[in-house]
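Per-entry structural report
Chain by chain, the residues:
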Amino acid sequence: MLRPALGLLLPVALALFWEIAVRMGLSNGRLVPPPSVIWNTFTDLAATGELARHALATLWRVAWGFAFGVMAGTIFGAITGYSALTHRVVDPTLQALRSIPSIAWVPLFILWFGIFEASKIILIAVGVFFPVYLGVMGAVMSVDRKIVEVGRVFRLSGPAMVRRILLPAVMPSYVIALRAGLGLGWMFVVAAEFLGASTGLGFLLIDGQQLGKPAQIVAAIVAFAILGKTTDWLIVLIASPFLRWEDRFARH
Amino acid sequence: MLVLDRVGKTYPNGVRALDGISLAVAPGEILVVIGGSGCGKSTMLRTISGLDPPTQGRVVLDGTVITAPREEIGIVFQEPRLLPWLRVADNVGFGLAEYPKAERRTRVAGALDRVGLTEKARVWPRELSGGQAQRVAIARALVPRPQVLLLDEPFSALDAFTRADLQDHLLDLWADLKPTLVMVTHDVDEAIVLADRIMVMRAQPGRVYEEIPCELPRPRDRQSAAFDFVKRRVLAALDRSLDRAVAMAEEVEPRAAAGGGLWW
């Protein structure tokens, strides 16, 4: 019960310290605004509907990028994990592509797909793809042969084998892969929105920098943190009925 | 009647695991297969199960040639191999997917009752002890009511006390349902406690070395002179079979060395 409260101690103490320091005039707080100013900026942005507009734009991009990235990553990961031949043919190329910093694709994507939504969503999808691909491939490859044999003993057909043995077996790794993919999705949406966007939380960051409004930058960062944490929690929540059997040390 | 007709198994790499195994197991008989490690006893069990069909000869159950797993043949492995994402009751009912729900439920409840784990029905496999998990695995194999139950060293990973307990348990189940049992073990006492007939195998390639009838009245007293007599017979046969196997291994070695010499 006490543990979450204990974790809050340090950030709250730091925030309080800074608030008091600015109030006492030890700093003007212009470049590092105190919590009260950030809070006011946040509520102002929320009240005018600006925050919701930008947050929704960002969320929409992440959602599409995540959807495409997960789809492609799952399909490729499942195939290369299942078939040794496909693995030998396809995996080296994908691993080579993976070693390219994904931001390096940006100029090419802009040339190919324009500067609007398509190039942003594709960049996010590329970011999401690799952790999902690696996670699914690894999970499928490491399914216990002995458990698969139990399926054979009970004469499961191909689809039944997938549904009753393979899917539940890869589920824990799949959820971890999805969470890693989502994390990268949030990372790449910032990069995408830095490259010329008129909406989105990334735009708020750039706008805050260019107009000298650090409180707006921090407010946007806070919004990113809230959205990132919430979407991650959603994945965990949706997956939890499938993972109740796991013996997790984290559950105390 | 389960019949093995000159069953052989040669792996793609040329290794001959089994050679010309012929035997017949009567319905309800308990056949225990014993032998040194690598003598092909597990391989033989897998050919009977249909998981690894033989490359020579055939396995026939009541006139049907076995080439793939069948409902009439159940198998229990050395490890319980329970599915960790299913509760105990769902693990036991895993092979009953085609049956209506009510039928499935009564059969699972009956099987759990038989292995004495009714109160564990809603528990996850990870919460079971090793002996309990293996009992669940036996229940899972018995629930489709197989004519033949194959057991591949099912108790070898358990401590001595649990092992003796499960042997008694298995005999109770067998007395109730009378399936044909074919069990592989390397534990001589276990073989004599359970078997109607003990088959000693020897390695390279796996062959039937000697068959020893074991017709002591049940329940069998491990301390009795008759038990000891059979035990000595089995141990003697095992010793002889292993000597032969060692001699064969030495024969094989020069050939391997010659192969290694072809490095160019």
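The structure contained in this document is the topic of the report that follows. (Residues numbered from 1 in each chain as written. Chains lettered and ligands numbered in written order. Predicted model: local features only at pLDDT ≥ 70, side-chain atom pairs only at ≥ 80, totals over all residues.)

Let's talk about the pairing of strand β6 (residues 73–76) of chain B
Residue and element names in this part refer to chain B. The two faces of β6 match: I73 and I75 on one face and G74 and V76 on the other face are all buried. Sheet topology note: the β6/strand β7 (residues 148–152) ladder contains four bridges and is parallel. From the neighbouring strand, V76 faces β7, where its bridge partner is L151. (Buried ≥ 20, exposed ≤ 12 C-beta atoms within 10 Å, placed from the backbone. Helix = DSSP H or I, 4+ residues; strand = E, 2+ residues; numbered from the N terminus. Pairing = 2+ DSSP bridges.)

Description of unusual backbone geometry
Residue and element names in this part refer to chain B. Put simply, R218 and P219 share a cis peptide bond, and its omega is -5°. Positive phi outside glycine occurs at D62, with the angle close to 50°. Within the secondary structure, D62 sits in the loop between β4 (56–61) and β5 (64–65).

Side note on the interface of chain A and chain B
Opposite the 11 residues of chain A that make contact, chain B presents 13 residues. Per-element tally for the side of chain A that touches chain B: the top contributor is helix α7 (residues 145–153) of chain A, with six residues. Split by residue class, the side of chain A that touches chain B holds six nonpolar, no polar and five charged. (Contact = placed C-beta atoms within 7 Å. Nonpolar A, V, L, I, M, F, W, Y, C, P; charged D, E, K, R; others polar.)

Notes on the environment of A160 of chain B
Mapped onto the secondary structure, A160 of chain B falls in helix α5 (residues 160–177). Through-space distance from the C-alpha of A160 of chain B to that of L177 of chain B is 26 Å; in sequence the pair is 17 residues apart.

Digging into the sheet that holds β6 of chain B
Residue and element names in this part refer to chain B. Spatial ordering of the open sheet is given by β6-β7-β8-β3-β9-β10, a layout of six strands whose pairing is mixed. Each having just a single partner strand, β6 and β10 (207–213) make up the two edges of the open sheet. Pairwise comparison of adjacent strand axes, ignoring direction, gives a mean angle of 20° for this sheet. Helix-sheet contacts for helix α4 (residues 130–142) involve β6 and β7, and the interaxial angle to β6 is about 170°. (Axes fitted to C-alpha atoms, helices over the stretch in contact; angles between N-to-C directions.)

Here we look at the sheet that holds strand β2 (residues 16–25) of chain B
Residues and elements named next belong to chain B. On the basis of which strands lie adjacent, the open sheet formed by four strands has the order β2-β1-β4-β5 and antiparallel pairing. Among the strands making up the open sheet, the edge pair consists of β2 and β5. By the bridge criterion, five bridges tie strand β1 (residues 2–10) to β4 in an arrangement that is antiparallel. The partner of L4 across the bridge, within β4, is V59. Set on the sheet, helix α1 (residues 41–49) makes contact with β1, β2 and β4; between it and β2 the angle comes to about 60°.

On their own, these measurements won't tell you what the molecule is for.
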